[in-house]
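# Fold and contact review
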Amino acid sequence: MRLTIMDNTLSLTSRHFHLLTAWFSPSFPIGAYTYSHGLEWEIEQQKISTLNDLTLWIQGVIKNGSGWVDAVLLRRAYEATENEIIKINDLALSLSPTFERRLETSAQGNAFLKTILEAWVCCQDKHSSPLPDDVAYPVAVGWVAKTHDVPLGPTITGYLHSIVANLVSAGIRLIPLGQTDGQRCLNSLIPVIEDTTKSTLKKDKVYLGSMSFMADIASARHETLHSRLFRS
């Protein structure tokens, strides 16, 4: 079976589909549900209180913030040689704007890679990886997708979708919103995910940078909240 994704040049076999579905499932043990990406502080300050507020905030993260940066880093890791990927990982970690955001990407990256090497690895020796002990999440995903021959485009789409789904879930719990509103939010953000993927895949050199200052500030201020449900 072959599933066409986005255009005729980006297609998935059924095996690739199963891999991506498993890797980006909420049940994959990376602890994604424990991070809000600064959203908890925004809601605590009553800056986000409606479905529209949540949708616009997540849209900014994906189009102009860490979602975009992660997508570019994932592509670079996917296309990198073993000698290049260490430098890309160092860059990814250094771009984390706050302590909590660095924890978010490294803790998830380490857990993702550990699980892959112990349960899902193929096309190489078990427990073999050129990546260091501390690895950024998009770098780990890019390297793993490449070693499993999963197409880059669908990998980026799945990665971004998992970020959006996790933030929607956090918003449902924190605002709170109903489950149906959560699905409305997710549905409305699908075009944003697809556009970001397409922009990341442009053949020319893509811009690596963020313009989501309030999300970064929210992450920094989250560290000082007196009571927190999330780690970021």
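Note that the structure is a prediction, hence the values are computed from the model and not measured.

### Let's talk about the overall build of the protein
Summing up its helical and strand segments, the protein has 11 helices and two strands in all. Seen in sequence order, the protein has helices and strands lined up from the N terminus as β-β-α-α-α-α-α-α-α-α-α-α-α. Here the C-alpha radius of gyration of the protein, 17 Å, is about what a compact globule of 232 residues would show, namely 17 Å. Sorting the 232 residues of the protein into buried and exposed places 51% on the buried side. For the protein, the proportion of contacts with a sequence separation of at least 24, taken over those separated by at least 6, is 77%. Counting every atom, the protein has about 11,300 Å² of accessible surface; 53% of that belongs to carbon and sulfur. Each charge class in the protein can be summarised by its mean position, and for the 21 positive and 23 negative side chains these summaries are 3 Å apart.

### Overview of the packing of aromatic side chains
The tally for this structure, following the rule as stated, stands at five aromatic pairs. Here the aromatic rings of Trp 23 and Phe 112 are separated by 6.2 Å at their centres, their planes lie at 85°, and the arrangement is edge-to-face. Taken together, the residues Trp 23 in helix H1 (residues 14-23) and Phe 112 in helix H6 (residues 99-120) connect sequence positions 89 residues apart. There is no split in this pair, since Trp 23 and Phe 112 are both buried.

### Looking at the pattern of salt bridges
Opposite charge on two side chains allows them to pair when their charged atoms are near. Taken as a whole and assessed by the stated rule, the structure comprises six salt bridges. Salt-bridge contacts for Glu 79 lead to Arg 75; the nearest nitrogen and oxygen are separated by 3.2 Å. With Glu 79 and Arg 75 both in helix H4 (residues 66-79) and four residues apart, this pair spans about one turn of that helix.

### Quick look at the nonpolar core
With 66 residues, the main nonpolar core has Trp 23, Ile 58, Phe 112 and Val 139 as its most contacted residues. Among the elements that line this core, the one with the most residues is helix H8 (residues 152-174), at 11 residues. Setting aside anything within four residues of it in sequence, one finds Val 139 in contact with Ala 77, Ile 85, Ile 88, Asn 89, Ala 92 and Leu 131.

### Digging into the environment of Glu 118
Within the fold, Glu 118 resides in helix H6. Exposure remark for Glu 118: the relative accessible area of 42% places this residue in the partly exposed category. With 43 residues separating them in the primary sequence, Glu 118 and His 161 have C-alpha atoms 25 Å apart.

### A closer look at the environment of Ala 136
Among the secondary structure elements, Ala 136 is positioned in the loop between H6 and helix H7 (137-147). Along the backbone, Ala 136 and Gly 171 are 35 residues apart, and their C-alpha atoms lie at a distance of 24 Å. Setting aside chain neighbours within four positions, we find Ala 136 in contact with Asn 89, Ala 92, Leu 93, Thr 105 and Gly 109.

Rules of the game
Residues numbered from 1 in each chain as written. Predicted model: local features only at pLDDT ≥ 70, side-chain atom pairs only at ≥ 80, totals over all residues. Heavy atoms only, no water. Helix = DSSP H or I, 4+ residues; strand = E, 2+ residues; numbered from the N terminus. Rg over C-alpha atoms; globule rule 2.2 N^0.38 Å. Buried < 20%, exposed > 50% of the residue type's maximum accessible area, 1.4 Å probe, protein only. Contact = heavy atoms within 4.5 Å. Areas by Shrake-Rupley, 256 points an atom, 1.4 Å probe, with all protein chains shown as cover. Lys, Arg positive; Asp, Glu negative; His and termini not counted. Charge placed at Lys NZ, Arg CZ, Asp CG, Glu CD. Phe/Tyr/Trp six-rings, centres within 6.5 Å; stacked < 30°, edge-to-face > 60°. Salt bridge = Lys/Arg side-chain N within 4 Å of Asp/Glu carboxyl O. Core = buried A, V, L, I, M, F, W, Y, C linked by side-chain atoms within 4.5 Å.

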